[in-house]
Amino acid sequence: DTGVSQDPRHKITKRGQNVTFRCDPISEHNRLYWYRQTLGQGPEFLTYFQNEAQLEKSRLLSDRFSAERPKGSFSTLEIQRTEQGDSAMYLCASSLRPEGTPDTQYFGPGTRLTVL
Amino acid sequence: AQTVTQSQPEMSVQEAETVTLSCTYDTSESDYYLFWYKQPPSRQMILVIRQEAYKQQNATENRFSVNFQKAAKSFSLKISDSQLGDAAMYFCAYRTISNNDMRFGAGTRLTVKP
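These remarks concern the structure in this document. Quantities reported herein were computed from a predicted structural model and do not represent experimental measurements.

1. A word on the overall build of chain A
A count of helical and extended segments in chain A gives zero helices and eleven strands. Ordered by position from the N terminus, the helices and strands of chain A form the series β-β-β-β-β-β-β-β-β-β-β. For 116 residues, the compact-globule estimate of 2.2 N^0.38 gives 13 Å, and chain A sits close to it at 14 Å. Counting across all 116 residues of chain A, residues that qualify as buried make up 50%. A separation of at least 24 residues holds for 54% of the contacts in chain A among residues at least 6 apart in sequence. Total accessible area on chain A is roughly 6000 Å²; 45% of this is exposed by carbon and sulfur atoms.

And the structure:
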C-alpha cells in the first residue's frame, strides 16, 4: 500500500505523559500536513511542512506540541505533558503540488489519542 | 478570518435518489479553492471534488457535482443516484491560494437507506 500511513493507530496515555506520533507520507510528496479532529467536528489545521521546512503553524499548536520532518520524508508530532483536552484524532496528510494548481491532500487513517 | 459552515448535521437519502449537501463560507479573498471530502466510518478521508474559485464552470466527478455560487459564497454538493457506499461524513473545506491552512466545516453525516 502506498498511501499515507500513521503509527500508532491508537494511543492511550495518562495525563502528564509525553506522546509521539509518526506519519509516513506518500513517497515523493513534498508537502505534509498535521490536523486535529475532535468528535463531531471537522479537522483543524495544526502545521505544514514543505520538504523539511515547517512553514506554517496554527495558533492551536501550543508550546507543548512540536513537529519535525527531519529529512523531508516522515514526520513526527510530539505532545509533551498531555492534557485531557488533547484527546482527539490526529490526522496527517500529504500532497505533491504542481505549481499553479491546487494540491490534493491525501489523508492517513489517523492516530486516536485518549488522555486519561 | 475564513470560516466554513455546514448547516445540516445529518441528511438521509433513499438509494438511487439525489441529495444535496449545503456549505457556505466566509472570506474576503477573491481567489481560493473549495473542496468536498468524504470520511467513511473508521476509514480515512478522501477527496470527492474540488473547485477553483476563478472557474465559473461547476466541477463534476461522475455522480458528484457542485453548485458554486461565488457571490453568495455557497458551495453545495449534489450526489446523484446515491449508493450505499456513499454513506459517510462529508466535509466542506476552503483554502486560500497563498497559504496551506485548510479550513473545514463541521461535517454532514449522510445516511443512505436501501
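2. Considerations on the pairing of strand β4 (residues 31-37) of chain A
Residue and element names in this part refer to chain A. Among the seven residues in β4, seven count as buried, and that is most of the element. Side-chain alternation along β4 places Arg31, Tyr33, Tyr35 and Gln37 on one buried face and Leu32, Trp34 and Arg36 on a second face that is also buried. Taken together, the six bridges between β4 and strand β5 (residues 44-50) define a ladder with antiparallel strand orientation. When the sheet's bridge partners are listed, Arg36 is paired in β5 with Glu44. Hairpin connection, β4 to β5: the antiparallel pair is bridged by six residues, and Gly40 has positive phi, about 80°. Where β4 lies against strand β9 (residues 88-95), seven bridges are found, and the strand directions are antiparallel. When the sheet's bridge partners are listed, Tyr35 is paired in β9 with Leu91.

3. Some details on the state of the cysteines
Here a disulfide denotes one covalent bond, and it connects the sulfur atoms of two cysteines. Evaluated as defined, the whole model comprises two disulfides over all chains. The disulfide partner of Cys23 of chain A is Cys92 of chain A, and the gap between their sulfur atoms is 1.9 Å. The sign of the S-S torsion, about -65°, decides the handedness of the disulfide formed by Cys23 of chain A and Cys92 of chain A: left-handed. Linking Cys23 of chain A in strand β3 (residues 19-24) with Cys92 of chain A in strand β9, this pair joins segments that are 69 residues apart in sequence. Each sulfur in the disulfide pair Cys23 of chain B and Cys92 of chain B lies 2.0 Å from the other. Across the disulfide from Cys23 of chain B to Cys92 of chain B, rotation about the S-S bond amounts to roughly -70°, and the bridge is consequently left-handed. Taken as a pair, Cys23 of chain B in the loop between β3 (19-21) and β4 (24-26) and Cys92 of chain B in strand β10 (residues 88-96) lie far apart in primary sequence, 69 residues in all. Pair check on accessibility: Cys23 of chain B and Cys92 of chain B agree, each one buried.

4. Brief notes about the packing of aromatic side chains
One pass over the structure, following the stated rule, counts 17 aromatic pairs over all chains. Arranged with centres 6.0 Å apart and planes meeting at 75°, the rings of Tyr35 of chain A and Phe45 of chain A form a pair that is edge-to-face. With a gap of ten residues between them, Tyr35 of chain A in strand β4 and Phe45 of chain A in strand β5 connect regions that are remote in the sequence. In this structure, Tyr35 of chain A and Phe45 of chain A share a single accessibility class: buried. An angle of 90° between the planes, with centres 5.7 Å apart, marks the rings of Tyr35 of chain A and Phe104 of chain B as edge-to-face. A residue pair is termed interchain when its members come from two chains, as with Tyr35 of chain A in strand β4 and Phe104 of chain B in strand β11 (residues 103-104). Taking the relative accessible area as the measure of exposure, Tyr35 of chain A reaches 0% and is therefore buried. Taken together through their ring pairs, the aromatic side chains of Tyr33, Tyr35, Phe45, Tyr48 and Phe107 of chain A together with Phe35, Tyr37, Phe91 and Phe104 of chain B make up a single cluster. One residue, Arg22 of chain A, lies across the ring of Phe74 of chain A, its end atom 3.9 Å from the ring centre.

Rules of the game
- Residues numbered from 1 in each chain as written.
- Chains lettered and ligands numbered in written order.
- Predicted model: local features only at pLDDT ≥ 70, side-chain atom pairs only at ≥ 80, totals over all residues.
- Heavy atoms only, no water.
- Helix = DSSP H or I, 4+ residues; strand = E, 2+ residues; numbered from the N terminus.
- Rg over C-alpha atoms; globule rule 2.2 N^0.38 Å.
- Buried < 20%, exposed > 50% of the residue type's maximum accessible area, 1.4 Å probe, protein only.
- Contact = heavy atoms within 4.5 Å.
- Areas by Shrake-Rupley, 256 points an atom, 1.4 Å probe, with all protein chains shown as cover.
- Pairing = 2+ DSSP bridges.
- Disulfide = S-S within 2.5 Å.
- Phe/Tyr/Trp six-rings, centres within 6.5 Å; stacked < 30°, edge-to-face > 60°.
- Lys NZ or Arg CZ within 6 Å of the ring centre and 35° of its normal.

Honestly, it's all geometry; don't read function into it.
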